[in-house]
Amino acid sequence: MDAFIQSPGDENDDLNDPIKVQNIVQKIRHLKKETVSYAPDAPIINEGESNAFIYVILEGSVQLLKHGQTKASMPVDRFGPGDLLGLTSFWSQQPSFLSSKAITAVNCLRLRNEDVEQLVHEDPAFGKTVHRIFISNLSKRYRRMIALNIKVAELGNALEHEHAQLKQAMQDLESTRNQLVHQEKLATLGQLLAGIAHEINNPCAALNRGVDNLIRILPTLFDTTHVFGKFNQEGRMLTAGMNCPYWSAEEKRSRMHQLLEQYPNIKRPLARRMAQLDEHTFRSLHLPDHGSLADKTIARISNLFDFYEIGNYLRSVQLSSDRIHKLVISLKNYGKHDEATWQMFDLRDGIRDTLTVLNNRLKHYRIQLRLDPIPPIYGSGSELNQVWTNLLINAIQATESGKTIAISTEQTDPHSIMIQFSDAGTGIQPHLLEKIFEANFTTKKSKSDFGLGLGLAISKEIIEKHGGNIQASNRAEGGACFTITLPVRSSQQSVQEHS
Amino acid sequence: MKKIYILCVDDEPEVLEAVERDIAELEDDFPLETAESADDARTVIDQIYAVGDRLGLILCDHVMPGDTGVELLIEMFNDERTHDTRRVLLTGQAGLEATVQAVNAGQLNHYIAKPWTPDNLRQVARDQLTEYVIQTETDPRPYMQQLNMQKLAEVVYKRGLISDE
């Protein structure tokens, strides 16, 4: 009976040592016990069934499984020699909480629950030892459970971190994709623009040449005296028409009303035409100061005004074709979109081209230009034009019509130049000053036309590619100001830095 | 008799000159004035009404320095003097939003897209002035020669200005 009681000093011995456990159990002489063996994969205890035994594992390893509500069983723990099976159901008197299954060939000692209980009841010393074994076994499981919990928590954190990284990567990918689409769109647009500009340029050049020649030749047909510049009345009216002074609509109106009073019997259209004449040409018509004009006189001046109008038309064709020509040149310069075209250039030309291209949208605003001389820089003109365009369109969208948009360039020191775009709009909320350069940032509500929210992100990228930087600020007097600084470098330096 | 004016507002002198030429044949009865901005147009309108004449039709560009054409049209619609004036937008670039606004808030009567043909412009001017005369004149007979004769004749008949007897 006392055989299994160890000396006091041994009390704290590791009771998980399978040999010791086995020895103790073996020594319980009158406890009914049997040795059972299980082949690999054989079930030992089934979850949910009542269990009448405690198993002491002597050899092999056992997998604990939990079925839960899912069909697949989940591995929970693994036991080896010295571990006890069936403890929970022994203490709780409830159906087995877990299943256990042999992994390798397993040898166990099997003790009937009632036997153990009876013996514990009869012999307190035995009970004490058995309790110690049980508690030691349970606390081992408990420690393992805590360790597992910690592991789960760590895994959870790692997973969350990975998830966040993945999300960021997705966002980056999307914005990169948007940028690429946007750039591709602009590149295509640029090529299209250059193509169209080229097509328009040829007929436009013919138009220019034609009208220039007409303006040169036509007056000579009316040069009756063959002394250069001495024309008859038709010739005089023709050239006067070509050099028609500019009258504001208001001046024209008041002159017309004055003429209608002076000559009560002329009609409005004629009076309006007469109102356009400069004083010298008007005197050459030799009209009376006032009073009704004779029908013959009216017919004659009407006829003369046809010549005047021809001159008018020629001049207007010349001005218009000149305008088309300039616009086409700007479009061509603006649209050149090629990485290979990095060169030394004066970026003020690009700003002027951009203003020409955007003229239609800018005519609501007062444009204040102060383009101080700056040294040429090395870079891509067309890409920088994209920056000017973005900044101007932002300024237009932020500013009420009639207010001022100012653009300035200056050399701040021998190595850098500064370009500023300021508007009189609503300004930028201080906490957004940095954020506006991020991709997909937009204040526009709809995502129509070019509103991808990429304008400033792309601008920043382009400026940085040129070795400069761009910053947004609010002006004390209201409105936003974008300041760009670019380094002044020779192409040689830049190439070196590039490589 | 109070004169009925036509007013054309555009910031491009070429456009004004083109309208002057195209409208010239209407000018015996409906004198034309031109203005280069909304502000300028306000001056002209004041001058016309100051001497007791009226504005029957406005042809107005949209994109101009200063106030837009649509703003001017809405203002005229809300002005007692020019409430009945026929409002026509003559433009190449009023966006959908501005046009919708002109129709809804300014009761736009017609829209002419640039470039126009002289015949079309005259036709629109005649039709709009016909409507103006019907709305504001008790007896439209003096205008029958220049404007839509058939339409005015129907009105004259309906109003009992000419009886069958």
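Predicted model, so just to flag it, every value in this text is computed and none were measured.

Caption draft 1: Highlighting the overall build of chain A. Per the secondary structure count, chain A includes 14 helices and 15 strands. Within chain A, the fraction of its 499 residues that count as buried is 41%. Pairs at least 24 residues apart make up 73% of the contacts formed inside chain A by residues separated by at least 6 positions. Entry remark: accessible area of chain A is about 28,400 Å², with carbon and sulfur atoms responsible for 55%.

Caption draft 2: Seen up close, the overall build of chain B. The helix and strand inventory of chain B stands at 6 helices and 5 strands. When the helices and strands of chain B are read in sequence order from the N terminus, they spell out β-α-β-α-β-α-β-α-β-α-α. In the structure as shown, chain B presents an accessible area of about 7,700 Å², 48% of it carried by carbon and sulfur atoms.

Caption draft 3: Inspection of the pairing of strand 4 (residues 62–66) of chain A at higher detail. Residues and elements named next belong to chain A. Among the 5 residues that make up strand 4, 4 are buried, leaving the element largely enclosed by the rest of the structure. Relative to strand 5 (residues 74–79), strand 4 is paired through 5 bridges, and the arrangement is antiparallel. Its bridge partner being in strand 5, Lys66 is matched across the sheet by Met74. One ladder, built from 4 bridges, connects strand 4 with strand 7 (residues 99–102); its direction is antiparallel. For Leu64, the partnering residue across the bridge sits in strand 7 and is Ser100.

Caption draft 4: Broad picture of unusual backbone geometry. The linkage connecting Lys114 of chain B with the following residue, Pro115 of chain B, adopts the cis geometry, with an omega of -5°. Mapped onto the secondary structure, Pro115 of chain B falls in the loop between strand 5 (110–113) and helix 5 (118–136). Of note, the phi angle at His286 of chain A is positive, near 50°, even though the residue is not glycine. Along the polypeptide, His286 of chain A turns up in the loop between helix 8 (279–283) and helix 9 (295–335). Not every positive phi belongs to a glycine, and Gln107 of chain B is a case in point at roughly 45°. Within the secondary structure, Gln107 of chain B is located in the loop between helix 4 (96–106) and strand 5.

Parameters at a glance
- Residues numbered from 1 in each chain as written.
- Chains lettered and ligands numbered in written order.
- Predicted model: local features only at pLDDT ≥ 70, side-chain atom pairs only at ≥ 80, totals over all residues.
- Heavy atoms only, no water.
- Helix = DSSP H or I, 4+ residues; strand = E, 2+ residues; numbered from the N terminus.
- Buried < 20%, exposed > 50% of the residue type's maximum accessible area, 1.4 Å probe, protein only.
- Contact = heavy atoms within 4.5 Å.
- Areas by Shrake-Rupley, 256 points an atom, 1.4 Å probe, with all protein chains shown as cover.
- Pairing = 2+ DSSP bridges.

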